[in-house]
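# Coordinates in review
Single-letter residue listing:
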Amino acid sequence: MENQIEIINENQRDVELLEKNRKINLQKLFTPEGMDLIIAEIQKEVADFTADIATKEGRAKIISMAAKIAKCKSPIKNLASELKEESKKLIDGVNSQWNRYEKAMDDLRDEVRKPVDEIEEREAKILKERQDRLNDLEYYKNANSCSIEIDEKIKFFKEIRKKVEELSVYDWGDFNFKAETLSQEVILILELKIADSLKQKEQEFELAQLKKEKAEREKKDAEKAELARIQAEKKAKEEAERLAIEAVEKERQRVAEIARIEAEANEKREANKRHRNKIEKEAILGLFDHFKNTSFDDITELHAKQIIEAISKNQIPNLTINY
C-alpha cells in the first residue's frame, strides 16, 4: 500500500488518476506532505512510461499520456472545492458562535457600565447644550439683518438682544465666566448697531424731509415758471394781436391813402379836363369871335395864316405858339 495516502478518517475518497483508482484522504491530501506524495506518485508512473517516438504508435501513446495527465487536474480540483465547502461550513459555525459570545460579553459589559454611561451621557448632553448656547452667542455677536428697511433692522437687533438677555439666567456651570463676558460683549455690539440704525433712520428722515422740501420748491418754481410762461404767451399773443390790428389799420390807412390819392388824381384829371374844355371852348369862341363875319366855308389859306398870326400875337385866348 505504499502508493496510497494514509487514511486518517472517514473523509476518504476513491479518485481516478491516470486511469487508476486511488484511495485518497481529503484532509491529508491538502497538506504539503500529502500533496508532495500524490505529485511524486504520478511523476513516478509517468517516468516509468515508455514509448517509441520514432513510430506513429509511439507518438500516439505520448499524446494519450499527456491527455491523461491533463485529466488529473479535475478530480483534485473537485476535491478542493468539496473541502472548501466543508471548511466554509466549519468557519461559518465558528463565526456564529464567536459572534454570540462577543455579543454576550458586550451586553454584560454595557450592563455593568450603564450607570456610569448614563451619568456621562447626561454630562455630555449638558456640555453640548452649553457649548451650543456659547455658539449661539458667537452667532449673535456677528449677526446682521439682511433687510434694507431701517425699522426691520432695529427690530431684528432688539430681538437678538432679548435672546441674549434671556441666556443670562441659563445654568452655564464651568462656562459661566466665558458666557457672561461674551454676553456683555454681544449686548454692547447690539446696542451700537441699534444706535447706528437709529442714527441712520434719523439721517434718512432728514434726507427725506430735504428731498420733500426740494420737491416742493421745485414744484413751486415749476408753477411759477408755468405761470410766467402762460403770462409771457398771453403777452406775446396780445402783442401779436396788437401788431395785427396795427397792421390791419396801417393797411386800411394805406388803402385809404391810395384811394384818396387816386380820388385826388381823378379830381385833378377831371378838373384838368374841365379846364381844358373851358380853355378849348374859350379858344373856339375866340376863334369864332375873330372870324365871326367869315363863314367856315370861306376860310382860305390866308385865313389860316391870319389865325396863326392872331395866336402868336395872343389875340386868341388860351392859345399860344412856340417857335
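All residue numbers refer to positions counted from 1 along the written sequence of the respective chain. It should be noted that, the model being predicted, local features are given only for residues of pLDDT at least 70 and side-chain atom pairs only at 80 or more, the latter also being counted only at that level, while totals for whole chains, interfaces and linings use all residues. Excluded from the side-chain calculation are hydrogens and water; included are all heavy atoms of the structure.

### Here we look at the overall build of the chain
Secondary structure assignment for the chain yields seven helices and two strands. Going from the N terminus to the C terminus, the chain shows its helices and strands as β-β-α-α-α-α-α-α-α. Burial classification: accessible surface area is computed with a 1.4 Å probe over protein chains only, and a residue below 20% of its type maximum counts as buried, one above 50% as exposed, and the rest as partly exposed. Counting every position in the chain, which comprises 323 residues, the buried fraction comes to 16%. Element-wise, carbon and sulfur atoms account for 55% of the exposed surface of the chain, whose accessible area totals about 25500 Å². Runs of E in the DSSP output that reach at least two residues are strands. Runs of H or I that reach at least four are helices, and both are numbered from the N terminus. Note on areas: Shrake-Rupley with a 1.4 Å probe; residue coverage comes only from the protein chains shown.

### A short note on the layout of surface pockets
Residues are called lining when one of their atoms sits within 4 Å of a cavity or pocket point, these points coming from a 1 Å grid over the protein atoms alone, where a cavity is a set in which a 1.4 Å probe fits but cannot get out and a pocket is an open set with protein on both sides within 12 Å along at least five of seven lines. Grid points are joined across faces, edges and corners, and a volume is the space filled by probe spheres set on the points. Volume-wise, the largest pocket comes out at about 180 Å³. Lining the largest pocket are M35, I38, I39, I42, Q43, I69, C72, K73 and I76. Contributions of two or more residues to the lining of the largest pocket are made by helix 2 (32–48) and helix 4 (73–142). The element contributing the most residues to the lining of the largest pocket is helix 2, with five residues. A class-by-class count of the residues in the lining of the largest pocket yields seven nonpolar, one polar and one charged. Lys, Arg, Asp and Glu make up the charged group, whereas Ala, Val, Leu, Ile, Met, Phe, Trp, Tyr, Cys and Pro make up the nonpolar group; the residues left over, Gly among them, are polar.

### Structural notes on the side chain of S197
Within the fold, S197 resides in helix 6 (residues 176–290). Using a relative accessible area of 5% as the deciding quantity, one classes S197 as buried.

### Some remarks on the nonpolar core
As used here, the term nonpolar core means buried Ala, Val, Leu, Ile, Met, Phe, Trp, Tyr and Cys residues forming a set that is joined through side-chain atoms within 4.5 Å. In terms of nonpolar packing, the biggest core is built from 15 residues, with L134, L137, Y140, V164, W172, V186 and L190 touching the most fellow members. Contributions of two or more residues to this core are made by helix 4, helix 5 (150–166) and helix 6. Here this core takes five residues from helix 6, the largest share from any one element. We call two residues in contact whenever any of their non-hydrogen atoms come within 4.5 Å of each other. Excluding its chain neighbours within four sequence positions, the residues that come into contact with L190 are Y140, F157, I160, R161 and V164.

### Overview of unusual backbone geometry
A positive phi angle is found at L18, which is not glycine, with a value near 55°. Along the chain, L18 falls in the loop between strand 1 (12–17) and strand 2 (20–25).

### Topic: the pattern of salt bridges
Where side chains of opposite charge bring their charged atoms close, a pairing between them can arise. Each salt bridge in this description consists of a side-chain nitrogen of Lys or Arg and a carboxyl oxygen of Asp or Glu lying within 4 Å of one another. Applying the stated rule across the entire model yields 30 salt bridges. The salt bridge involving R13 is made with E86; its shortest N-O contact spans 3.9 Å. With R13 in strand 1 and E86 in helix 4, this pair connects stretches of sequence that are 73 residues apart. One salt bridge in this structure joins D117 and R113, with 2.9 Å as the shortest N-O distance. With D117 and R113 both in helix 4, this residue pair falls four residues apart, about one helical turn. Within the structure, one salt-bridge network assembled from shared partners comprises K20, R22, E41 and E45.

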